Amino acid sequence: MAALCKRFFKSRVLGAYYIYTPLPDNIEEPWRVVWIVIPVKMITNLASLAEFLGINHFVNTAVFFMSFQEVPPTSDENVTVMETTFNNVPVRVYVPTRKSEILRRGLFYVHGGGWCMGDAALFDYDFLSRRTADRLDAVVVSTNYRLAPKYHFPNQFEDVYNALRWLLRQEILEEYGIDSKRIGISGDSAGGNLAAAVTQQLIEDPDVKIKLKLQSLIYPALQTLDMDLPSYRKNRDSPFLSKSLMVRVWSEYFTTDRSLEKTMFFNQHVPMESSHLFKFVNWSSLLTEKFKKGHSYYSPNHGSSELAKKYPGFLDVRAAPLLADDNKLRGLPLIYIITCQYDVLRDDGLMYVTRLRNAGVQVTHNHIEDGFHGALSYNGLKIGYRIENQYMSWLSTVWGKDHKEQAVVIIWYVRFDSFGSALRKTAEGQHRGSSQPLNTEVSFLFLKLFIYFLLIFLKTRFPHIDQAGLKLLTSGDPPASASQSAGITGMSHRTQLFYFTYFIFLFLLEAKVSLFYCSAVDSQKLLVGTMREITNFHFCLFHQEKQ
């Protein structure tokens, strides 16, 4: 009986260890997050135990368990999926099944996994690539690359770069129906690192004539010099990505020699002769007060020159894109960076945002206050869908604009102020229920024809712009979305006439139509804001409120 109670007690303690996961107060759906973290804990512990007993390498055990999440390249009614090789590098290609009259956008995606794990075939990456291809009508190329511990830097970098260069050949783009003026790169975590590194390399490659037009980095790892950033301190024991695990995969990227891992963990790996590089990652000057508050900057202790000579990769800009000088950064295309508050890599992204903006690069920064590392990959969580929607919206907004050539973009700001809202309510209130008809069919026919001629003009005059920047700035009751095209027919004729008159009034007096002419030099200053597709605009901007 005593033995039975003892076993029961031990099982309870073990269960409590796995179930109890301290989370920040503002984490959404905490219990769902806990149940997602449990298998991650179990796999990490099993991998550590197998390595301790000399059975298997830590990474190989983790990869074994992750392989059960891989899915075959299965096509469906929306997306055709195929596996092939780009310059001997295995990739998955996702092509929308619906017909397109124009060349499609192209996205080159690099998966994460600490340069040691991960695969384009994993369910999370396959799911994201499918949704990207379907939602954005884009061709997505999700690349694989050789992994540590069998292969070390620069093999991962070279595989991604060679696959990207293959894609950017004109004949390959034509084969997959990709517009050479609308192609970008994305990556998360270690994939964000590789995406940033190959983008920097690409701008200096004279043999590649077709360049990337945008890049998006999702909680990327960008520097190897300082493992004592405020984000590393604050999230040292994070259940999503701890400091010890991040340092481990960094060191595995360069070598299986555990001595590098130990010196990196204590921030004693950079030799004196490389101390000048710290200016590129000095968080005391690159982070805002919000993120460095309560933390003091300490100059790192210098390490052995011998270690840096044996494994020079951790000082290479191809492994640490934050080490690029300002001259290299200035040539980069526009960029979208996601950082998460509860992530050891948070400050890598924050510092890159600061340096890019200082270099004059157009940056859109999305900081997720309740976010954590890997949030985008956790399907079923609200935060994952929210980050995905924000990421997709950015791609949809900026894609289609050629930032390297001269372009004219018309951006309308139609402002419905409280005065207009009051007039609308007054008109509806006074004329609701009126039995006296007022024929406005001719007026609305004129309005409809006017809008359609405008659409034709935009499509013919600016064929490279598939969306116009139409933003409804409302301070009163907001109008319905463009998809809610019903409503006008249910209004009284007098109200319809009022809407027509008020629209013309806004168009002539309040609508601000701005033309921005951007040369190649000024292209980064291009103002782009799209919240409505003009092809869905029609003549029904206004929607009757349900009373």
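Reference entry: report on the structure contained in this document. Being a predicted model, the structure only gives us computed values, none of them experimental.

### So, the nonpolar core
What tends to happen in soluble globular proteins is that the nonpolar side chains get buried as a cluster. Membership of the largest hydrophobic core comes to 91 residues, with the highest contact counts inside it found for M246, W250 and Y352. At seven residues, the largest contribution of residues to this core is made by helix α7 (residues 190–202). If sequence neighbours within four positions are ignored, Y352 has contacts with A196, Q200, L217, L222, P321, L322, L329, L332, I335 and I337. By size, the runner-up hydrophobic cluster in this structure holds 41 residues, among which are V37, V140, Y342 and W399.

### A few points about helix α2 (residues 30–52)
At 3.6 residues per turn, the α-helix brings residues three or four places apart onto the same side. In a regular helix each residue adds 1.5 Å, so 23 residues correspond to 33 Å; α2 covers 32 Å between its end C-alpha atoms and thus fits that length. Inspection of α2 places V33, V34, V37, I38, K41, A47 and A50 among the buried residues, and these make up the whole buried set. G54 occupies a position one or two residues after α2 and carries a positive phi of about 75°.

### Brief notes about the packing of helix α9 (residues 243–254) against helix α10 (residues 258–265)
Where α9 meets α10, the closest approach of the two axes is 9 Å, and the angle between their N-to-C directions is 135°. When the axes of α9 and α10 are compared, the pair comes out oblique. As α9 runs across α10, the sense of the crossing is right-handed. In contact with K243, S244, V247, R248, W250, S251 and F254 of α9, α10 contributes R258, L260, E261, M264 and F265. Split into classes, the residues belonging to the contact of α9 with α10 amount to six nonpolar, two polar and four charged.

### A few points about the side chain of H269
Tracing the sequence through the fold places H269 in the loop between α10 and α11 (283–286). Judged by its relative accessible area of 1%, H269 falls in the buried class. At 2.6 Å, the side chain of H269 forms a polar contact with the backbone oxygen of T224. A distance of 3.4 Å separates a polar side-chain atom of H269 from the backbone oxygen of L225. When neighbours within four sequence positions are excluded, H269 is seen to be in contact with T224, L225, M227, L260, T263, M264, N301, G303 and F314.

Quick notes on the rules
Residues numbered from 1 in each chain as written. Predicted model: local features only at pLDDT ≥ 70, side-chain atom pairs only at ≥ 80, totals over all residues. Heavy atoms only, no water. Core = buried A, V, L, I, M, F, W, Y, C linked by side-chain atoms within 4.5 Å. Buried < 20%, exposed > 50% of the residue type's maximum accessible area, 1.4 Å probe, protein only. Helix = DSSP H or I, 4+ residues; strand = E, 2+ residues; numbered from the N terminus. Contact = heavy atoms within 4.5 Å. Expected span 1.5 Å × (residues − 1). Axes fitted to C-alpha atoms, helices over the stretch in contact; angles between N-to-C directions. Parallel < 35°, antiparallel > 145°, perpendicular 65-115°, else oblique. Left-handed = near helix turned anticlockwise from the far one by under 90°. Nonpolar A, V, L, I, M, F, W, Y, C, P; charged D, E, K, R; others polar. Polar contact = N/O pair within 3.5 Å; in protein donor to acceptor, adjacent residues only side chain to side chain.

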